[in-house]
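Tertiary structure, described
Residues per chain, in single letters:
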Amino acid sequence: MAEPTAPLAHRATDLVRLHAAEVPFLSQIDVRCGTDAAARLGFPLEPNTVAGDMVRGVLWLGPDEWLVVGLPGTGPGVLAQLQAALTGSHASVVDTSANRAVIHLTGSLRLDLLATGCPIDLDPRGGWGPGRCAQTLFGRAPVLVQELVNATRIFVRPSFAEYVVDRLLAAAKVRS
Amino acid sequence: MLLIRCPWCGARDEIEFRYGGQAQVAYPADPEALSDEEWADYLFMRDNPKGPFRERWVHAAGCRRWFQALRDTSTHRLIATYPIGEEPISLARFRGTERA
Amino acid sequence: MSGRRLDAGGRIDRSRPIRFTFDGRGYDGFEGDTLASALLANGVDVVCRSPILGRPRGVVSAGVEEPSAFVEVAEPWFEPVVAAPMVNLIDGLVASGRPGVGRLPAQTHRTKPSVTRNRHVETLVIGSGGKGLEVARTAAARGERVLLVEREPYLAGSGLGRGPEGVEVLVDATALGVYDDGYVVVLHRGPEHDTVWHIRAARVVLATGAFERPIAFADNDRPGVMLNAAVGRYIRDFGVLPGARIVAFGANVTVLETHDLRRAGAEIVATADVREGWAVAGTEGETRVEAVHLVGPGGERRTVEADLVAVAGGWNPALQLYRAIGGGLRYDDDLATFVPDGSGPPWLEVVGAAAGDLPPSVAYWYTPAEDLSRHFVDLQRDQTVADVLAAVDGGLRSVEHVKRATYIGTAIDQGRTSGTMTAEIVNVALGWELGAQGPTNARPPFVPVSFAALAGLDRGPELLDPVRRSPMHAAHVERGAVFEDVGQWKRPRYFPHGDEDMQAAVARECLAVRDGAGVLDASTLGKIEVVGPDAPAFLDRMYTNRMSNLAVGSIRYGLMLGLDGMVFDDGVAMRLAEDRYLVTTTTGGAAAVLDRFEEWLQTEWPELRVYCTSVTEQWAVIAVGGPKARAVLADVGTDLDLLNDAFPFMTFRDGVVAGVAARVCRVSFTGELSYEIHVPSWDGPHVWEAVFAAGEMFGVEPYGTEAMHVLRAEKGFVIVGQDTDGTATPDDLGMGWIVNPSKGDFLGKRSLVRPDSVRSGRKQLVGIVPHDPDLLLPEGTQLIRSSTIGAPPVPMLGHVTSSYRSAALGWTFALAMVEGGRELRGRTIHAALAGGTAPVDVTDPVFYDAEGARRDG
């Protein structure tokens, strides 16, 4: 009955051409709190880094903001857990699971493709690598980029998701 | 395109930032106590010096933090960036010492 | 004779012939040729005619400094005007001579694909001479990321296509500009596409070399007059001999290697060394040099038969990129030219010939003569020594003024061969020292580049600007929606049935909402969660009315002002919990409102314990409105009690709708009973379809932004940004009721009592009803007092901000901002239209259901 629709479900074929896939319905909890509370929760304090792994990762978004990413369906549980853990601290915990689409990009050229639109240094020799994340732009779309082992995730507002796919396809076409 | 050092995210391209005008123009504690002239002065008047200038920027496409910058308006060079509320650099030290 | 191909030699690949077309004729060349070398090899002397005088012009140089031979490339990619030495020969090339002025083709043309790429390196070296290679090698040995760009197809210092170990090399790559903080834009021309590299380098090293300078003499623009080093390059690199009987002329004739010439079957028939007092006075010939006049130290003259003059006037460091980023110059007596003075940004270095590492030369700019009117300085602008001297005679002193009087240096080559020459002619004419003033500045781009190349991927309807789509976009497409752009969003404007036009579709959609039920996709509204113990106090400071006393579960409309007291944005606030609100913004204001919240929290009130989180795209918003909205929602299936008493206007309830968790809000932008259903955006498509499935028997219709605009305007509701333009106070809009001056300070409050905000005669929001019920006033129409338009300036009363046909009313109406408008209610004023005026009545802006009886169904 009530089947959710992933923002890029209809672009699955195009994503395959990019060696990419959508990771739909991930739980994404936006947490804002002070550094002390964040340290207690084991959140990464170093800017633009990630704690955890693909299953449950905490991405640094700002000096008082993190994104707790988990498997689909875990959102409400994680939300309650975090709210409980932050009781007594000034904090905000908001479910933003549907606020961003997630594109999982693989292939050896993925960072080259991203470099057609991202102004940040995505070169491993410049320090980019697994465990790093960054909020930046891809073309004219705001994105959150997370580097995994041999893969890169792009978090993007659903309304911009098709633009990002279209621009990646255009880049791949010119590069090939 | 400037390279701007966000106090948190480090050096990023200018396109990730938005300019916020002169820094440290405090919102009056009691606007209603101000005369029309004083209010208009707060509202409309800003400094426009040649040389070091304290200004505000926000890392709009990044961590969305506002911060302060000391920029030389005659060379376009960003001398320093630092979080709101911090003042690690004396403006007087720079005034008049930059190459025109 | 003319130029010809030698039997051997050069970097060209003689096993790979290339066929090309120039000026409508077919020619042969080789892989590795430029268009210039191939034309010389084919004996084509005249490449184009000069733009003003129509004089024949041929190839002067072998590079980017070319001031003479310009072409238009038609195939395979259109380029309006480009120097012939800069065109790499490829199969199927079609080109024709153009004077140094481009033109757009009559038909649309194929543009070369292009992509931008961002790169970060520690050291960027521009230019691949020996010094550039050395710097690159050293930096790479330190473990740095090193990028070397070279505008030619191979490295100047090694003749190879690859650089030292650890150095990444881009050939056919021209630096267009060097900008702040080591930002360098490089155009990398490939056979299939261009790449525009945006490089950020911690250190930029300019190893850009030097340009050989010409000397002016009579008819020095005649094909067959070339720069000395270029002659050598055509022989060595392209196996092309540009001429067989050569006059070598200059202050610095060391480059032509005579054994090369002898082997090539050419000879130097005369040498005019200015250090010995000899000079070339002029040339003769039909379409190219056939004879050369020489003048000696005692004024003696001789004429030799020759087909080529190789001019070696010395060298000017190539400092265009250096100067554009603020580097300064000093005059060097030994080189008789300008070199870097050591200034410039700290991350920038200049090395090698560009830094002045050059053979010495004397200052000799033109051969003296009585008539200097054919001594060409800037070939592309057809300007001569006489023109420069005339400008000085006219009173000009600065080369900047001379440049603007003569246009010297303003053509495509930006004065690479003419700039220093002009400055020195001016200096000498004024009796000033050599080097008293230097050449005018060149600006990026260093070489012509098309906008299409710079745009890279960011062109075309999909990628010029992001197209943002709502979660229900596919459903709208399926229902045949006609979309409009609202900022970056595509929003359904209307949903035509069959071949209905917009007017008919909008009338039908409006009546559906007024009489039955309509459904609007309102997902694009901005949404922000505002959380924290000080959230109530914070919102009281942001909105004109009080939000702190809003009950949990309730909704309140709010207006935000700029500090200047003018309306900035509007929306509603829902109180989710004591310390938690969700506020909505206009579609266009979403980012600006969040930015403003953050700005005030971070910079002015860090003591307030408030966090903001954007949830704009977390929620799809489906607005069901109309007398039958309650019945439709009940049929969709919900656990909420929809009766008025249980779920009154301006409240919200959390529950289940169509099987998914939802928040339903009783707000109305149409005046009708309305339920706004908020569900996670991925559930939007499902709920949207569920509403239609349930609503079928109620005749539910989707409606678009156009009907929404009509319906809200019938109720007199303003749209911030349509009816306001940043100069309207709440009172101007008749919304003084929403300003609560007793609650303490809020943004813009002080400005509401500024003299200008309270003066009489401000423009106020009114309704406008044309006497002709069928007259639809164009939005923006000026309103005037009288029925005749007098002599200018015509006093304007105001202007129409919104204008529609109302299906419910049966006539047209408008909203307008009119000076002292509320006083004018009941009066007739006039709309100034093309071809005359039309009488209109000024009314109250609420046209429909003024008593608000319909909002509860």
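All figures in this text were calculated on a predicted structure; none of them were measured in a lab. Here the residue numbers are simple positions, counted from 1 along each chain's written sequence. Lettering for chains starts from A, numbering for ligands starts from 1, and both go in the order in which the items are written. The model is predicted, so local features are restricted to residues of pLDDT at least 70 and side-chain atom pairs to those at 80 or more, both for listing and for counting; the totals for chains, interfaces and linings are taken over all residues.

A separate point is the overall build of chain C. In DSSP terms, a helix is any run of H or I states spanning at least four residues, a strand is any run of E spanning at least two, and both are numbered starting from the N terminus. The number of helices and strands found in chain C is 18 helices and 48 strands. Overall size of chain C, expressed as C-alpha extent along the three principal axes, is 110 × 65 × 60 Å.

Glancing now at the overall build of chain A. The helix and strand tally for chain A stands at 5 helices and 10 strands. With the radius of gyration taken over C-alpha atoms, the globule rule is written as 2.2 Å times the number of residues to the power 0.38. Its C-alpha radius of gyration of 16 Å places chain A within 12% of the 16 Å reference for a compact globule of 176 residues. Counting only C-alpha atoms, chain A reaches 55 × 50 × 25 Å along its principal axes. Whether a residue is buried, exposed or partly exposed follows from its count of other C-beta atoms within 10 Å of its own C-beta, namely 20 or more, 12 or fewer, or something in between, respectively; the C-beta atoms are built from the backbone. Residues counted as buried form 51% of the 176 residues belonging to chain A. Within chain A, contacts between residues at least 6 apart in sequence are counted, and of these 59% link residues at least 24 apart. C-beta atoms are first placed from the backbone for all residues, and any pair lying within 7 Å is then listed as a contact.

We now examine the interface of chain A and chain C. Contact residues are listed per partner, giving 40 residues for chain A and 38 residues for chain C. Contributions of two or more residues to the side of chain A that touches chain C are made by strand E2 (27–33), strand E6 (91–95) and helix H5 (158–175) of chain A. As a working rule, the residues Ala, Val, Leu, Ile, Met, Phe, Trp, Tyr, Cys and Pro are called nonpolar, Asp, Glu, Lys and Arg charged, and the rest polar, with Gly in that last group. Split into classes, the residues belonging to the side of chain A that touches chain C amount to 18 nonpolar, 10 polar and 12 charged.

A few words now on the sheet that holds strand E4 (residues 52–58) of chain B. Residues and elements named next belong to chain B. Ordered by their spatial adjacency, 4 strands build an open sheet running E3-E4-E5-E6, and the pairing between neighbours is antiparallel. This sheet does not close on itself; its edge strands, each paired only once, are strand E3 (18–22) and strand E6 (77–83). Each strand axis lies, on average, 30 degrees off the axis of its neighbour in the sheet, ignoring direction. Any two strands with at least two DSSP bridges between them are considered paired. Across 7 bridges, the pairing between E4 and strand E5 (residues 66–72) is antiparallel. Among the inter-strand pairings, Phe 53 is bridged to a residue of E5, identified as Arg 71. Only the stretch in contact is used when fitting a helix axis, every axis being a line fitted to C-alpha atoms; angles between N-to-C directions are given from 0 to 180 degrees.

The next thing to look at is helix H6 (residues 385–393) of chain C. Note on helix geometry: an α-helix contains 3.6 residues per turn, so any two residues three or four positions apart are oriented the same way. Residues and elements named next belong to chain C. Considered for burial, the residues of H6 that qualify are Val 385, Asp 387, Val 388 and Ala 391. On an axial view of H6, the arc spanned by its buried residues comes to 165 degrees, and they lie on one face. Summarising the contacts, the buried residues of H6 are in contact with strand E28 (376–378), strand E29 (383–384), helix H7 (399–406) and helix H8 (419–429). Downstream of H6 by one or two residues, Gly 395 has phi in the positive range, about 110 degrees. The directions considered for the arc are those from the helix axis to the C-beta atoms.

Quick look at the sheet that holds strand E22 (residues 301–305) of chain C now. All names here are of chain C. Strand order in the open sheet made by the 3 strands is E20-E21-E22, with antiparallel pairing throughout. Each edge of the open sheet is held by one strand with a lone partner, namely strand E20 (279–284) and E22. Between one strand axis and the next, the sheet turns through 25 degrees on average, direction left out of account.

As used throughout, a nonpolar core is a set of buried Ala, Val, Leu, Ile, Met, Phe, Trp, Tyr and Cys residues joined through C-beta atoms within 7 Å of each other. Counting 176 residues, the largest nonpolar core has Val 164 of chain A together with Val 624 of chain C as its most contacted members. Among the elements that line this core, the one with the most residues is H5 of chain A, at 10 residues. Among residues more than four places away in sequence, those in contact with Val 164 of chain A are Ile 103, Phe 138, Ala 141, Val 143, Ile 154 and Val 156 of chain A. Grouped together as the second largest cluster of nonpolar side chains are 82 residues, Phe 70, Val 274, Ala 312 and Val 426 of chain C included.

Moving on: unusual backbone geometry. In this structure, Pro 445 of chain C follows Pro 444 of chain C across a cis peptide bond, with omega equal to 0 degrees. By the element assignment, Pro 445 of chain C lies in the loop between H8 and helix H9 (451–455). In this model, Pro 792 of chain C is joined to Pro 793 of chain C through a cis peptide bond whose omega is -5 degrees. Mapped onto the elements of the fold, Pro 793 of chain C is located in the loop between strand E44 (782–784) and strand E45 (798–805). One non-glycine residue, Asn 48 of chain A, lies in the positive phi region at around 60 degrees. Summarising the element assignment, Asn 48 of chain A is placed in the loop between helix H2 (35–40) and strand E3 (50–52). One non-glycine residue, Asn 150 of chain A, lies in the positive phi region at around 60 degrees. Tracing the sequence through the fold places Asn 150 of chain A in the loop between strand E9 (141–148) and strand E10 (151–156).

Take the interface of chain A and chain B next. Taken together, the contact pairs 11 residues of chain A with 11 residues of chain B. Mapped by element, the contributors of at least two residues to the side of chain A that touches chain B are strand E4 (57–62) and strand E8 (133–138) of chain A. At 3 residues, the largest contribution of residues to the side of chain A that touches chain B is made by E8 of chain A. Among the residues forming the side of chain A that touches chain B, the class breakdown is 7 nonpolar, 4 polar and no charged.

Attention now goes to the packing of helix H12 (residues 502–515) of chain C against helix H17 (residues 705–714) of chain C. Residue and element names in this part refer to chain C. The interhelical angle for the contact between H12 and H17, taken along N-to-C directions, is 60 degrees, at an axis separation of 9 Å. Overall, the two elements H12 and H17 adopt an arrangement that is oblique. H12 and H17 meet at a crossing whose hand is right-handed. Residues Met 502, Val 506, Glu 509, Cys 510 and Val 513 of H12 pack against Glu 706, Ala 707, Val 710 and Leu 711 of H17. Roughly parallel covers angles under 35 degrees, roughly antiparallel covers those over 145, roughly perpendicular covers 65 to 115, and oblique covers all other angles. By definition, any crossing whose near helix is turned counterclockwise from its far helix by less than a right angle is left-handed, and any crossing with a clockwise turn is right-handed.

All names here are of chain C. Within the secondary structure, Met 472 is located in the loop between helix H10 (460–463) and helix H11 (473–478). Sequence separation between Met 472 and Val 687 is 215 residues; the distance between their C-alpha atoms is 9.6 Å. Setting aside chain neighbours within four positions, we find Met 472 in contact with Asp 521, Ser 523, Ala 620, Gly 684, Pro 685 and Trp 688.

All names here are of chain C. With 7 of 7 residues buried, strand E41 (residues 674–680) is to be regarded as a mostly interior element. Strand direction decides the pairing type here: strand E40 (residues 660–665) and E41, joined by 3 bridges, are antiparallel. The residue bridging Arg 663 from the neighbouring strand is His 678, located in E41.

Attention shifts here to the environment of Pro 49 of chain B. With respect to the element layout, Pro 49 of chain B can be found in the loop between helix H1 (36–44) and E4. Linking Pro 49 of chain B and Ser 74 of chain B, residues 25 residues apart in sequence, is a C-alpha distance of 9.0 Å.

Residues and elements named next belong to chain C. Considering the arrangement of structural elements, one finds Ala 807 in the loop between E45 and strand E46 (812–819). On the neighbour-count criterion, Ala 807 (23 C-beta atoms within 10 Å) is buried. Sequence spacing of Ala 807 and Arg 514 is 293 residues, and the spatial spacing of their C-alpha atoms is 9.5 Å.

Quick look at helix H16 (residues 684–695) of chain C now. Multiplying 1.5 Å by the helix residue count minus one yields the expected span of that helix. End to end, H16 of chain C covers 16 Å across 12 residues, agreeing with the expected 16 Å (1.5 Å per residue, within 8%). Within the sequence span of H16 of chain C, burial applies to Gly 684, Pro 685, His 686, Val 687, Trp 688, Ala 690, Val 691 and Gly 695 of chain C.

Residues and elements named next belong to chain A. Most of E6 is tucked away, with 4 of its 5 residues classed as buried. Pairing of E2 with E6 involves 5 bridges; the strand directions are antiparallel. Across the sheet, residue Ile 29 finds its bridge partner in E6, namely Asp 95.

Let's shift gears to the confidence of the model for chain C. Chain-level pLDDT for chain C is 94 on average; 98% of the residues reach the 70-or-more range. Scored as a whole, the predicted complex attains pTM 0.94, and scored at its interfaces, ipTM 0.97. Scored from 0 to 100, pLDDT reflects the predictor's confidence in each residue.

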